[in-house]
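In case you want the letters, here they are:
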Amino acid sequence: MGDEGLQTGLTEVEVRAARQIHGWNELPTVKQTSPLRVLLRQFSSFLVLILIVAAAVALALGERVDALTIGLVVILNAGLGFVQEWKAETALNALRDMLSPQAMVLRDGRERVIAARDIVPGDILILTPGTKIAADAKLLRAADFSVDESVLTGESVPVAKGDADESNAVFAGTSVTAGRAEAQATATGGATEFGKIAHLTGSVGTKTTNLQVKLGHLARQLGIAALLVAAGVSGLGIWLGRDLTEMVMTGLSLSVAMVPEGLPAVVTITLALGATAMVRQNALARRLQAVETLGAASVICTDKTGTLTENKMTATQIWTLDRDYNVTGTGYDPVGHIEWNGARIRAADDSVLGALLKTGLYCSHAHLNCEGDDWQMVGAPTEGALVTLGYKGWCDLPHERNLLAELPFSSARKRMSVLYQSGTRVEVLTKGAPERVLEVCTHVMTQSGASPLTEEDRTSIEQAYSQMAEKGLRVMGFAQRSAPDHQIVEDGMMFLGLVGLIDPPREEVRGAIAMAKSAGIRVVMITGDSPITAKAIAGQLSLDIKKHLTGDALDELDDNRLSDVLRGDVLFARTRPEQKMRIVSALQAQGQIVAMTGDGVNDAPALKQADIGVSMGIRGTDVARDASDLVLLDDNFATIVRAIGEGRRQFANVQKFVRYLLSSNAGEVIALVINIAIGGPLVFLATQILWMNLVTDGVTAVALGLEKSEPDQMQQRPRQKNTPILGARGIVTIVLLGTYTGLSSLWIFFHLMDLGVDLARTTAFTAMIVFEKVSVFAFRSLHLTTSRIGWFSNPFLLAALAITLGAQVLAVYWPPLQVLLHTVPIGVDEWVLIGAFALPIIFVPEMLKAIRPVVLPCKVVGREAA
């Protein structure tokens, strides 16, 4: 494009030609998963495959009722999983659709507002404050121009840009904070820096959640065991001369008994209910297992800007030669005040403070807008913070007509001056880097009036500046002078004071980090900002830091040295996206379960690499949200800690109902195997086993999955990555309880055999149902007594017991179910016998928990827990 083209922009013909070459200005999106693929994904579990095979065998043998029942469970499980996952996908699409970015360009000599996706390389972009830059570009003309690049770099301070130096490049996804510029687009879509990082995100493979791994391992173990036991027992029966069809059905009954058919549905329902509960707490799980995985997190790697902090610059300290002031309040809401010696003070009460506030307020292009209770800032964040400070000090607002002239900020001068008229008085008001303001001052203003600036005064000012900078504050200096000749002269000025600013921590984050620490979870800050600022924020959040590393220092470490560093309390600053990925990978190599939080495109690769990526729903970029597993709809770091608690509750409940289901199945298997071994008639029929496993146990297990969090849940260390769902203690519990219920039902069966096989079988069948129902109290907590957590604290469980026991009564006395399940009515004596055997199942586990409580590792230190 020639000089004339730079004046008029592209023509429509040139735009069409460029689009043929470069395409639309949009990131290459990952092809959205089709509804069919999401549905088919629900049938990939090994347990579900076992159920499908069992249904096929039952159908081949003519047992249509059995096949239909198993098929319904498979369909229920698939339906629940599909609905939840598709709901999460459509919710993310809705978030994306809320954003309809536009851009102003120069085409055919006219400024036009077009859709951002229509931009092509060569377009002239018109950039003004608040504009989101839609393509990578080089500046052609710029005036007092600065850009917020935190979405790319993590740096919270805007970057000044010029059209005649190396800083003339601007990048897609960043935002203009001040000034006006024209820039020529150089790259669009995937060719932008934004797009390259998105491509880096796409290079990270698909991950499998911890719960998926454990359930898959358990399913394979159960499946292999079921096939071996069923084949062995069937083969033994056939070898002993028993009927072939009977033994095939017996083998099917055993395989059905050993595999908890209700487990996939119960897991899906439990996780879906947990995900629904988290949405009410402003956390959207993109996958059902996402929250559970977060519950296992041993390390949270978090970005600083916008995640731990508000991403809103705030003035916190004012220093003058004879007074030091504190400022309350955060962000751009002017609720807050300035105080000195514990008393509130206004501009009218203090001449030095008033002059300083006036300079910060008037020497600015930023302003505040109030819509209802919501304050919005337009302009550069630093200037917005100074305007807010002026509001807090009740300073008179400036009038635009009184602004006579301006000498804009430049990277060479590092200061800005305006000529302002107040009544008949005309003044030069200056703000900028303290050393650059101080070099043009000859006087200093104190409470007793103006006085010459001595070397001692200069030393005091420089020391104050250094001390404020060491606390991570961005420090601004202020000065003024009279201008009777109505000229801006930056010389012979009177120094007023210093203001320290910082992007403050979010109010709720400190408590959230403390809770994470008490739960044994390390919090590691990884930021693109400076180490001084990062350390200051860490100190305010009580985040223990023994060492900090910059990105350059990180590059000098090999993997072994990095692993050693990560075992301590370390902070990472000035990091690049690929370095964040490396840190996450190094922690995972140590066996940690890593959660990564962030909102910018620079966080996206690490979000996807982490075991659980957590992005921000409001402030986060599409790239970050698409790379994450959990989206915080309120951008609140504290929501992460609540999600961790929910995840721990979910895994604990999965452990409870898996052990409950397997203990129930163990009793059925023991009764069947011993009965076949001694040559007795079948103690349970196939339809009765399906009734126990699918109807009664499934409902009870779902209710068990709704158990509330246990009191000490967030004082326990994170579970290890290899923590099994069952564990040695769980297996012992399953075997002991299964042995008791299996032998008891078998004893009842043979005890009543003289009264008829049908009555004996019905009583044994009913006894097993009752045993399984009352045994649920033993699994409500794996270490606390039911009296401690409350007998009535889970109304869903009580309702499930009432429903399932009522259903069993119908199975015994209602003719249609009697035909289906081959039952006959039983009398009072049989019910008494069942009750006598059921009582120990309630009281013995309670007694054992009471006399031998489990000592939990409540004394947690972050490094030990990790």
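Residues numbered from 1 in each chain as written. Predicted model: local features only at pLDDT ≥ 70, side-chain atom pairs only at ≥ 80, totals over all residues. Heavy atoms only, no water.

Asker: Even after reading the chapter, I still don't get the environment of Thr359, so can you show me in this structure?
Answerer: Relative to the helices and strands, Thr359 resides in helix H12 (residues 351-362). The exposure class assigned to Thr359 is buried, which follows from its relative accessible area of 0%. Taking the C-alpha atoms as reference, Thr359 lies 9.0 Å from Val428; in sequence the two are 69 residues apart. Excluding residues that lie within four positions of it along the chain, Thr359 makes contacts with Leu429, Thr430, Phe478, Ala479, Gln480 and Leu496. A polar contact of 2.9 Å, which involves the side chain of Thr359, links it to the backbone oxygen of Ala355. (Helix = DSSP H or I, 4+ residues; strand = E, 2+ residues; numbered from the N terminus. Buried < 20%, exposed > 50% of the residue type's maximum accessible area, 1.4 Å probe, protein only. Contact = heavy atoms within 4.5 Å. Polar contact = N/O pair within 3.5 Å; in protein donor to acceptor, adjacent residues only side chain to side chain.)

Asker: Please explain the sheet that holds strand S23 (residues 522-525) as it appears in this structure.
Answerer: Strand-to-strand pairing in sheets goes through backbone hydrogen bonds, with the strands running parallel or antiparallel. In spatial order, the strands read S8-S28-S27-S26-S9-S23; together these six strands make up an open sheet with mixed pairing. In this open sheet, the two edge strands, each paired with only one partner strand, are strand S8 (283-285) and S23. Averaged over all neighbouring strand pairs, the angle between strand axes comes to 20 degrees, with direction disregarded. Bridge count for strand S9 (residues 299-302) against strand S26 (residues 594-598) is four bridges, and the pairing is parallel. Along S26, the bridge assignment pairs Val299 with Val594. Against the sheet, helix H20 (residues 577-589) touches S9, S23 and S26, its axis set at about 160 degrees to S26. (Pairing = 2+ DSSP bridges. Axes fitted to C-alpha atoms, helices over the stretch in contact; angles between N-to-C directions.)

Asker: Help me understand the confidence of the model for the protein in this model?
Answerer: Predicted coordinates in areas of low pLDDT are best not read in detail. Mean pLDDT over the protein works out to 82, with 86% of the residues at or above the 70 mark. Predicted confidence is poor over residues 94-100, with pLDDT under 50, and the contacts of this stretch with residues over four places away or in other chains come to seven contacts. The low-confidence segment residues 854-866 (pLDDT under 50) makes 33 contacts with residues lying over four places distant or belonging to another chain. (pLDDT = per-residue confidence, 0-100.)

Asker: Would you mind showing me how to read the packing of helix H16 (residues 509-518) against helix H23 (residues 637-677) here?
Answerer: Each pair of packed helices can be summarised by the angle the axes make with each other and by the distance between the axes. At a minimum axis distance of 8 Å, the contact between H16 and H23 shows a crossing angle of 25 degrees. One way to sum up the angle between H16 and H23 is to call them roughly parallel. When the axes of H16 and H23 are compared, the crossing they make is left-handed. Across the interface between the two elements, Val509, Ala512, Ile513 and Met515 of H16 pack against Phe637, Ala638 and Val641 of H23. Of the residues assigned to the contact of H16 with H23, the class counts are seven nonpolar, no polar and no charged. (Parallel < 35°, antiparallel > 145°, perpendicular 65-115°, else oblique. Left-handed = near helix turned anticlockwise from the far one by under 90°. Nonpolar A, V, L, I, M, F, W, Y, C, P; charged D, E, K, R; others polar.)

Asker: Can you walk me through helix H30 (residues 828-851) in this structure?
Answerer: Given 3.6 residues per helical turn, the α-helix brings residues three or four places apart onto the same face. Counted at 1.5 Å a residue, the expected span for H30 with its 24 residues is 34 Å, and the 35 Å between its end C-alpha atoms agrees. The axis of H30 is deflected most strongly, by about 25 degrees, at Phe837, and proline Pro840 appears within four residues downstream. Restricting attention to buried positions, one finds in H30 the residues Glu830, Leu833, Ile834, Ala838, Ile841, Ile842, Pro845, Glu846 and Lys849. Summarising the contacts, the buried residues of H30 are in contact with helix H25 (727-751), helix H26 (757-774) and helix H27 (786-789). (Expected span 1.5 Å × (residues − 1). Bend = angle between axes of the 7 residues up to and from the residue.)

Asker: For this particular structure, what's the right way to read the pairing of strand S7 (residues 175-187)?
Answerer: Working note: regular strand, side chains alternate between the two faces of the sheet. Where strand S3 (residues 124-127) lies against S7, four bridges are found, and the strand directions are antiparallel. Bridging across to S7, Ile124 finds its partner in Gln184. Two strands pair when backbone bridges link them, and strand S4 (residues 136-148) and S7 are joined in this way by 10 bridges, in the antiparallel orientation. Opposite Ser146, over in S7, you have Ala178 as the bridge partner.

Asker: I keep staring at the environment of Ala347 and nothing clicks. Help me out?
Answerer: Of note, Ala347 is situated in the loop between strand S13 (343-345) and H12. A relative accessible area of 14% means that Ala347 is categorised as buried. Each C-alpha atom of the pair Ala347 and Cys395 lies 5.7 Å from the other, and the pair is 48 residues apart in sequence. Leaving out residues up to four positions away in the same chain, Ala347 has contacts with Gly354, Leu357, Gly393, Trp394 and Cys395.

Asker: Help me understand the nonpolar core in this model?
Answerer: Within soluble globular proteins, side chains that are nonpolar tend to cluster in buried spots. Among the nonpolar cores identified, the biggest contains 61 residues, and Val658, Val683, Phe684 and Trp691 are the most heavily contacted of them. Ranked by size, the runner-up nonpolar core spans 60 residues in total, among them Ile461, Ala519, Ile521 and Ala643. (Core = buried A, V, L, I, M, F, W, Y, C linked by side-chain atoms within 4.5 Å.)

Asker: For this particular structure, what's the right way to read the side chain of Ser745?
Answerer: Within the secondary structure, Ser745 is located in helix H25. From its side chain, Ser745 meets the backbone oxygen of Gly742 in a polar contact 2.9 Å long. Other than its neighbours up to four places away in sequence, Ser745 contacts Ala671, Phe684, Ala764, Met768 and Phe771.

Asker: Help me out: how do you make sense of the packing of H26 against helix H28 (residues 795-813) in this one?
Answerer: For the pair H26 and H28, interaxial distance at closest approach is 11 Å and the crossing angle is 180 degrees. By the angle between their axes, H26 is roughly antiparallel relative to H28. Residue-level inspection shows Thr762, Phe765, Thr766, Ile769, Val770 and Lys773 of H26 in contact with H28, the latter providing Leu801, Thr804, Leu805, Gln808 and Val812.

Asker: Would you mind going over the pattern of salt bridges with me for this structure?
Answerer: Between side chains of opposite charge, a pair can form when the charged atoms approach closely. Under the counting rule described, the total for this entry stands at 22 salt bridges. Note that Arg413 is salt-bridged to Glu490, the shortest N-O span being 2.6 Å. With Arg413 in the loop between strand S16 (403-407) and strand S17 (415-422) and Glu490 in the loop between strand S21 (474-482) and strand S22 (493-502), the pair connects residues that are 77 residues apart, well separated along the chain. As far as burial versus exposure is concerned, Arg413 and Glu490 are alike and both buried. (Salt bridge = Lys/Arg side-chain N within 4 Å of Asp/Glu carboxyl O.)

Asker: Looking at this model, I keep getting lost on a nonpolar patch on the surface. Mind explaining?
Answerer: A grouping of Val53, Val57, Leu61, Ile238, Leu244 and Val248 is seen on the molecular surface, where their side chains present a nonpolar patch of about 450 Å² in accessible area. Among the secondary structure elements, those contributing two or more residues to the nonpolar patch are helix H4 (46-60) and helix H9 (244-258). Examined against the element boundaries, Ile238 turns out to sit in helix H8 (residues 210-239). We classify Ile238 as partly exposed; its relative accessible area is 39%. (Patch = residues over 30% accessible without salt bridge, like charges linked within 9 Å, V, L, I, M, F, W, Y side chains within 5 Å. Areas by Shrake-Rupley, 256 points an atom, 1.4 Å probe, with all protein chains shown as cover.)

Asker: Whenever I open this one, the packing of aromatic side chains confuses me. Can you help?
Answerer: Each aromatic ring pair is specified by the distance between its two centres and by the angle formed by the two planes. Tallied over the full model, the rule gives six aromatic pairs. Both rings, one in Phe749 and one in Phe750, keep their centres 5.3 Å apart while their planes meet at 75 degrees; by these two values the pair is edge-to-face. For the pair Phe777 and Trp791, a centre-to-centre distance of 5.4 Å together with 50 degrees between the ring planes defines the contact as tilted. A residue pair is termed long-range when its members are at least 10 positions apart, and Phe777 in the loop between H26 and H27 and Trp791 in the loop between H27 and H28 qualify at 14 residues. A cation sits over an aromatic face here: Arg117 above Trp24, 4.1 Å from the ring centre. Taking NZ or CZ as reference, Arg346 lies 4.0 Å from the ring centre of Trp394, over its face. (Phe/Tyr/Trp six-rings, centres within 6.5 Å; stacked < 30°, edge-to-face > 60°. Lys NZ or Arg CZ within 6 Å of the ring centre and 35° of its normal.)

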